[in-house]
Amino acid sequence: MQKVLFVLVLTASLFFKVNAATILIYHHVSDKTPKSTSVSTEQFKEHLELINSLKLIVVPLTTITDAIKANTPVDNNWVAITFDDGYHSVYDNALPLLIQYKFPFTVFVNPKMVGPSKLYLDWDQLAELAKHQGIIANHTMAHENLVQDGLTDEQMIDNILLADKIITEKLNQSHKLLAYPYGEYDHKIKQDLKKLGYVGFAQHSGAVNETSDILALSRFPANGIYANPKTLKAKLNSLPFNIKSITPSDTKPESLNPLLQVSLLNKDFYQSQLACFISGSGKPQKPEWTSKLDFNIASNNEIPKGRVKYNCTAPSISHSGRFYWMSKLWINL
Ligand SMILES: [Zn+2]
């Protein structure tokens, strides 16, 4: 039996080529800012060392998004570093290290917040970041909550285009990349983004590949409680499920036990070990498999208010020690 299993695993590893890229999200790099959205400079350096020790290649975010847009495989060892909000500490503490390690990075900014201030960077500092492989991208004009602030489609599109116009005028950069403030979006907002030819970035976990949703790409939070290098290592090593479809596409739950239907193109994991962790609920839940490549998962308990995530993981067969990881966001208002 063991021999059969060994042959099966060996065969799977020979034939199953997994393409996986990961995107990290940071806010502050400082020990003087709120812990939940910060890493210390020491921790940030540890993360960069970890990336090197895992032999990952830090690529510009657009390298990953260009591949996904063109439906070409992402490279198995790509990782991108992103910072949201354009805080001062990115310039003061992260930039010297990023220059030292020669790593490209992206900063999502709100033009209305751009300095001079103690908290946010000004345009000269952003220009300095841009000189050192920094992509400066769109995080809306003033960090509006696109789901809860009640913007009309027109107001939202105007907001995104104005932020883009200002960034282009100040820094001569326009990448059509938008990080949703608070990681919040819904189906309607994604459709507006699609019309604008934009890529959208979320704040929930998961590796990405060419089957990922280009309007809500996952990013692994790497600050606060997620800064521990041990857990970060598992995330940097994580693999994206090869997704055929995820239903619903919207983030609005239709009930308090929302049903998620996932259809896969193929699979390279131990089906019996796929488990989903649901915000607000202690125990992981097993999904219901409706066919070889389709599973359903609905929370046993009523989901709490706010942003709720179903995080589903499963150990890879062909890549021992690595986990497939996907996350679905619900916004329960
Ligand atoms: Zn933000």
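Residues numbered from 1 in each chain as written. Predicted model: local features only at pLDDT ≥ 70, side-chain atom pairs only at ≥ 80, totals over all residues. Heavy atoms only, no water.

Q: I would appreciate a short explanation of the pattern of salt bridges in the present structure.
A: Opposite charge on two side chains permits pairing when their charged atoms draw close. Taken as a whole, this structure holds eight salt bridges when the rule is applied. Between aspartate 153 and lysine 188 there is a salt bridge; the shortest N-O distance is 2.9 Å. With a gap of 35 residues between them, aspartate 153 in helix α6 (residues 153–171) and lysine 188 in helix α7 (residues 187–195) connect regions that are remote in the sequence. The salt bridge involving lysine 190 is made with aspartate 213; its shortest N-O contact spans 2.6 Å. Here lysine 190 is found in helix α7, whereas its partner aspartate 213 is found in the loop between β9 (199–201) and β10 (220–221), with 23 residues between them in sequence. Its relative accessible area of 4% is what places lysine 190 among the buried residues. Using a relative accessible area of 33% as the deciding quantity, one classes aspartate 213 as partly exposed. (Salt bridge = Lys/Arg side-chain N within 4 Å of Asp/Glu carboxyl O. Helix = DSSP H or I, 4+ residues; strand = E, 2+ residues; numbered from the N terminus. Buried < 20%, exposed > 50% of the residue type's maximum accessible area, 1.4 Å probe, protein only.)

Q: What is the right way to look at the environment of lysine 45 in this model?
A: Examined against the element boundaries, lysine 45 turns out to sit in helix α2 (residues 41–53). A residue is classified by how much of its surface remains accessible, and lysine 45, at 33% relative accessible area, is partly exposed. Sequence spacing of lysine 45 and leucine 98 is 53 residues, and the spatial spacing of their C-alpha atoms is 9.0 Å. Once residues within four sequence positions are removed from consideration, lysine 45 is found in contact with Leu97, Gln100 and Tyr101. (Contact = heavy atoms within 4.5 Å.)

Q: Even after reading the chapter, I still don't get empty space enclosed by the protein, so can you show me in this structure?
A: A water-sized probe rolled over the atoms picks out the places where empty space is left. Following the criterion strictly, the structure yields four cavities of 30 Å³ or more and no others. The volume enclosed by the largest cavity comes to roughly 50 Å³. Forming the walls of the largest cavity are Ile136, Ala137, Asn138, Asp164, Ile167, Gln173, Ser174, His175, Lys176, Leu177 and Tyr198. Among the secondary structure elements, those contributing two or more residues to the lining of the largest cavity are β7 (134–138) and α6. Top contributing element to the lining of the largest cavity by residue count: β7, with three residues. Looking at the lining of the largest cavity, its residues break down into five nonpolar, four polar and two charged. (1 Å grid on protein atoms, 1.4 Å probe; cavity = no way out; pocket = protein on both sides within 12 Å on 5 of 7 lines; lining within 4 Å. Points joined across faces, edges and corners; volume = space filled by probe spheres on them. Nonpolar A, V, L, I, M, F, W, Y, C, P; charged D, E, K, R; others polar.)

Q: Looking at this structure, I do not really get helix α4 (residues 88–101). What am I missing?
A: Each α-helix winds once per 3.6 residues, and so residues spaced three or four apart point in a common direction. The end-to-end C-alpha distance of α4 is 20 Å, a good match for the 20 Å that 14 residues give at a rise of 1.5 Å each. Along α4, the sharpest change in direction is near 50 degrees and occurs at alanine 94; proline proline 96 comes one to four residues later. Every buried residue of α4 is accounted for by His88, Ser89, Val90, Ala94, Leu95, Leu97, Leu98 and Tyr101. Looking at the buried residues of α4, the elements they touch are β2 (28–29), α2, β5 (78–84), β6 (105–109) and α5 (123–131). Note on α4: the residue one or two positions beyond its end, lysine 102, has a positive phi of about 60 degrees. (Expected span 1.5 Å × (residues − 1). Bend = angle between axes of the 7 residues up to and from the residue.)

Q: So what exactly am I meant to see when it comes to the sheet that holds strand β16 (residues 306–315) here?
A: Sheets are built from strands paired through backbone hydrogen bonds, the pairs being either parallel or antiparallel. Strand order in the open sheet formed by three strands is β13-β16-β17, with antiparallel pairing between adjacent strands. Every interior strand has two partners, whereas the edge strands, β13 (275–278) and β17 (323–332), have only one. Across this sheet, the average inter-strand angle for adjacent strands is 20 degrees, counted without regard to direction. Pairing geometry for β13 and β16, over four bridges, is antiparallel. Each residue of the ladder has a partner; that of isoleucine 278, found in β16, is tyrosine 310. (Pairing = 2+ DSSP bridges. Axes fitted to C-alpha atoms, helices over the stretch in contact; angles between N-to-C directions.)

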